[in-house]
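Here is how the chains run, residue by residue.
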Amino acid sequence: MSEYVPSPREFVANQVKRYEESNGAEGTELNGLACVIVTHRGQKTGATRKTPLMRVKAGDRYVLVASMGGAPKNPVWVDNLRAHPEVTLRDRAEVLEVRAREVTDDAERARFWMAAVEAFPPYAEYQTRTTRKIPVFVLEPR
Ligand code: F42
């Protein structure tokens, strides 16, 4: 495992620290809604990166939404997952070794998008803020 480089966003780096140090007992929510931590590999630096995301499940699958608050550009973790889809997902005390697959089929995406908005309603508003089609990934067993 390459060196972990924390997010330059202090709030994000702190949440990852609390979440992992408490083995998923603390730092697991944002505004009272559940979060997960995705550990992935930097596609430029090869560094280990850890990104908190809202916890979205569709059936037994986890779904990742690259909303970035509806910003015009994708978060760069999207580049990492596209280059290195083998990631680790932490959901509280559970840690899963999975593979991220970007969802391109419209019907499949609509199903996952519905689950995402149900889990975190602001996603719907974020999508109205940008012409960027917010990337959606589904995590599958390796
Ligand atoms: N972001 C979302 O997009 N969706 C969510 O559901 C979400 C939920 C959430 C909950 C709690 C919380 O604290 C944060 C949450 N966020 C959510 C924000 C999320 O954690 C990320 O901070 C945000 O999505 C931005 O991701 P980012 O990967 O763009 O992060 C930037 C700030 C970053 O870390 N940049 C680094 C830097 O030094 O500027 C580089 C990181 C990196 O991966 N570099 C790659 C490398 O090789 O090391 C190269 C990447 C490239 O292609 O440039």
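Before reading on, note that the structure itself is shown above.
Structure report, in brief.

Parameters and conventions
- Residues numbered from 1 in each chain as written.
- Predicted model: local features only at pLDDT ≥ 70, side-chain atom pairs only at ≥ 80, totals over all residues.
- Heavy atoms only, no water.
- Phe/Tyr/Trp six-rings, centres within 6.5 Å; stacked < 30°, edge-to-face > 60°.
- Helix = DSSP H or I, 4+ residues; strand = E, 2+ residues; numbered from the N terminus.
- Buried < 20%, exposed > 50% of the residue type's maximum accessible area, 1.4 Å probe, protein only.
- Lys NZ or Arg CZ within 6 Å of the ring centre and 35° of its normal.
- 1 Å grid on protein atoms, 1.4 Å probe; cavity = no way out; pocket = protein on both sides within 12 Å on 5 of 7 lines; lining within 4 Å.
- Points joined across faces, edges and corners; volume = space filled by probe spheres on them.
- Nonpolar A, V, L, I, M, F, W, Y, C, P; charged D, E, K, R; others polar.
- Near = heavy atom within 4 Å.
- Polar contact = N/O pair within 3.5 Å; in protein donor to acceptor, adjacent residues only side chain to side chain.
- Areas by Shrake-Rupley, 256 points an atom, 1.4 Å probe, with all protein chains shown as cover.
- Sits in = over half its atoms within 2 Å of the grid points.

### Some points on the packing of aromatic side chains
Alright, step 1. Applying the stated criterion to the full structure yields four aromatic pairs.
Alright, step 2. Between Trp 77 and Phe 137 the ring centres are 6.1 Å apart and the planes differ by 50°, which places this aromatic pair in the tilted class. Placement of the pair is Trp 77 in helix α2 (residues 77-83) and Phe 137 in strand β8 (residues 136-141), with a sequence separation of 60 residues.
Alright, step 3. Using a relative accessible area of 8% as the deciding quantity, one classes Trp 77 as buried.
Alright, step 4. Aromatic rings pair up to connect Trp 113, Phe 120, Tyr 123 and Tyr 126 into one cluster.
Alright, step 5. Over the ring of Tyr 4 we find Lys 50, and its NZ or CZ is 4.9 Å from the ring centre.
Alright, step 6. When the ring centre of Tyr 62 is taken as origin, the NZ or CZ atom of Lys 57, which lies over that ring, is 4.5 Å away.

### Topic: the layout of surface pockets
Alright, step 1. Taken as a whole, the largest pocket holds about 880 Å³ of empty space.
Alright, step 2. Along its surface, the largest pocket is lined by 34 residues, and Arg 9, Val 12, Thr 51, Pro 75 and Trp 77 are the ones closest to its centre.
Alright, step 3. Where the lining of the largest pocket is concerned, the elements lending two or more residues are α1 (10-21), β2 (33-41), β3 (48-54), α2 and α4 (122-129).
Alright, step 4. For the lining of the largest pocket, the element with the most residues is β3, which contributes six residues.
Alright, step 5. Each residue belonging to the lining of the largest pocket can be placed in one class, and the counts come to 19 nonpolar, 10 polar and five charged.
Alright, step 6. When residues of the lining of the second largest pocket are traced back to their parent elements, those giving at least two are β2 and β6 (86-91).

### Describing the site of the ligand
Alright, step 1. Around the ligand sit 26 residues in total, of which Gln 15, Gln 43, Thr 45, Asp 79 and Tyr 123 are the nearest.
Alright, step 2. In the environment of the ligand, a nitrogen atom lies 3.1 Å from a nitrogen or oxygen atom belonging to the side chain of Ser 67.
Alright, step 3. Coverage of the ligand by the protein chains reaches 82% of its 1000 Å² of free accessible surface.
Alright, step 4. Taken atom by atom, the bulk of the ligand overlaps the largest pocket.
Alright, step 5. Taken together, the elements giving at least two residues each to the shell around the ligand come down to α1, β3 and α2.
Alright, step 6. Sorting elements by how many residues they give to the shell around the ligand places β3 first, with five residues.

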